[in-house]
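# Notes for the structure review
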Amino acid sequence: MARPSDTGAPGAAAPTRAAPARVGGWLALALLIIVLDQLTKVYFNTSFQYGERVNVLPVFDFTLMYNRGAAFSFLASEEGWQRWLFTGLGCIAAVVITIILRRTHGQPRFSLALTLILGGAIGNVIDRVAYGHVVDFLLFYWNESYFPAFNLADVGISCGAVLLVLDELLRARKKPQA
C-alpha cells in the first residue's frame, strides 16, 4: 500500500508535506475522540459497579467490564505482561500514524481513517497505563449470544479500519488498467 504520496507517474511533481494546519486538524479530531472516550469511561467507571448492566434496547445494554487483553479479550487471562505489550504497540502505532498523517496530502478519507485509529489507540493506551485494563461499557447481544463489550476507542479503531479498507478499494478502482 504505497500511500503518503501515491505519485508514481513519471514527471510528477515531488510530493508535498501536508500543511501544519491540516495535520493539526486531524490531530484535533483524534484529541476529540480521546476526550469523548475518556469521559465516557470515567462516567461508567464511577456510576456502575463491575458487571452491572442497564438495559437500553432489547439487544443493547450499558455495562461495566474490564479487558486486560486486546480485541475479543485476546491474552486477557495472562499474568499482566500483555498490559505493557499492548501499551507499547499502541504507542508505536500512534507515532507511526502521526508520521504518516504529516506526509499525507489530499487524501481526506485515508487521513480520517488514520485519525480514527489514532484516537482509539491512544484512548485505550491511557486506560492500560492508568488502570491496567481497558474499560468497556457497550454490550450488544441476541438471545444468549453476546458480542464482546467495547468502548468508544474501539469504535474509532473499528470504523477507521473499515474506512482504510474502503479507501483502498476505491483507490484501486480509480487506477487505470495497464
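The name an unreviewed UniProt entry assigns to the protein is Lipoprotein signal peptidase, from the organism Achromobacter piechaudii ATCC 43553. According to the UniProt record, the Catalytic activity (unreviewed entry) comment for the protein is "Release of signal peptides from bacterial membrane prolipoproteins. Hydrolyzes -Xaa-Yaa-Zaa-|-(S,diacylglyceryl)Cys-, in which Xaa is hydrophobic (preferably Leu), and Yaa (Ala or Ser) and Zaa (Gly or Ala) have small, neutral side chains."

Here the focus is the side chain of Asn124. With respect to the helices and strands, Asn124 occurs in helix 3 (residues 108–131). Within the local environment of Asn124, its side chain forms a polar contact with the side chain of Asp154, the two groups lying 2.9 Å apart. Residues within four places of Asn124 in sequence aside, it is in contact with Asp37, Lys41, Val134, Asn151, Ala153, Asp154 and Ile157.

Let's shift gears to the nonpolar core. Nonpolar side chains in soluble globular proteins tend to be buried together. Core analysis: the largest hydrophobic core is formed by 14 residues, its most contacted members being Ile97, Leu101, Leu114, Leu118 and Leu164. Among the secondary structure elements, those contributing two or more residues to this core are helix 1 (20–47), helix 2 (81–103), helix 3 and helix 4 (152–174). In terms of residue count, the dominant contributor to this core is helix 3 (six residues). Not counting chain neighbours up to four residues away, the residues in contact with Leu164 comprise Phe110, Ala113, Leu114 and Ile117.

We now examine unusual backbone geometry. Despite not being glycine, Asn143 has its phi angle at roughly 55°, a positive value. Relative to the helices and strands, Asn143 is located in the loop between strand 3 (134–142) and strand 4 (145–146). A relative accessible area of 57% means that Asn143 is categorised as exposed.

Taken as a whole, this structure holds five salt bridges when the rule is applied. Taking the shortest distance from any N to any O, the salt bridge between Lys41 and Asp37 comes out at 2.8 Å. Here the residue Lys41 and the residue Asp37 both occupy positions in helix 1, the gap between them amounting to four residues, near one helical turn. Comparing Lys41 with Asp37, the two get one shared label, buried. Between Asp61 and Arg53 there is a salt bridge, and its shortest N-O distance comes to 2.6 Å. Residue classification places Arg53 among the partly exposed positions, given a relative accessible area of 37%. Via salt bridges that share partners, Asp37, Lys41 and Asp127 belong to a single interconnected network.

Let us look at the UniProt feature "transmembrane region" (unreviewed entry) in the protein. In this numbering, the UniProt entry assigns the feature "transmembrane region" (unreviewed entry) to residues 23–44, 81–101, 110–126 and 146–166. Helix makes up 100% of residues 23–44 and strand 0%. Its end C-alpha atoms lie 32 Å apart. Here residues 110–126 runs as 100% helix and 0% strand, with 25 Å between its end C-alpha atoms.

Attention shifts here to the packing of helix 3 against helix 4. At a closest axis distance of 7 Å, the pairing of helix 3 and helix 4 adopts a crossing angle of 155°. With respect to their mutual orientation, helix 3 and helix 4 come out roughly antiparallel. With respect to the hand of their crossing, helix 3 and helix 4 are arranged in left-handed fashion. Counting all contacts with helix 3, which are made through Arg109, Phe110, Leu112, Ala113, Leu114, Leu116, Ile117, Gly120, Ala121, Gly123 and Asn124, the residues of helix 4 involved are Ala153, Asp154, Gly156, Ile157, Cys159, Gly160, Ala161, Leu163, Leu164, Asp167 and Leu170.

Thresholds, definitions, all that
- Residues numbered from 1 in each chain as written.
- Predicted model: local features only at pLDDT ≥ 70, side-chain atom pairs only at ≥ 80, totals over all residues.
- Heavy atoms only, no water.
- UniProt positions renumbered as here; feature names shortened; annotations may be inferred.
- Helix = DSSP H or I, 4+ residues; strand = E, 2+ residues; numbered from the N terminus.
- Polar contact = N/O pair within 3.5 Å; in protein donor to acceptor, adjacent residues only side chain to side chain.
- Contact = heavy atoms within 4.5 Å.
- Core = buried A, V, L, I, M, F, W, Y, C linked by side-chain atoms within 4.5 Å.
- Buried < 20%, exposed > 50% of the residue type's maximum accessible area, 1.4 Å probe, protein only.
- Salt bridge = Lys/Arg side-chain N within 4 Å of Asp/Glu carboxyl O.
- Axes fitted to C-alpha atoms, helices over the stretch in contact; angles between N-to-C directions.
- Parallel < 35°, antiparallel > 145°, perpendicular 65-115°, else oblique.
- Left-handed = near helix turned anticlockwise from the far one by under 90°.

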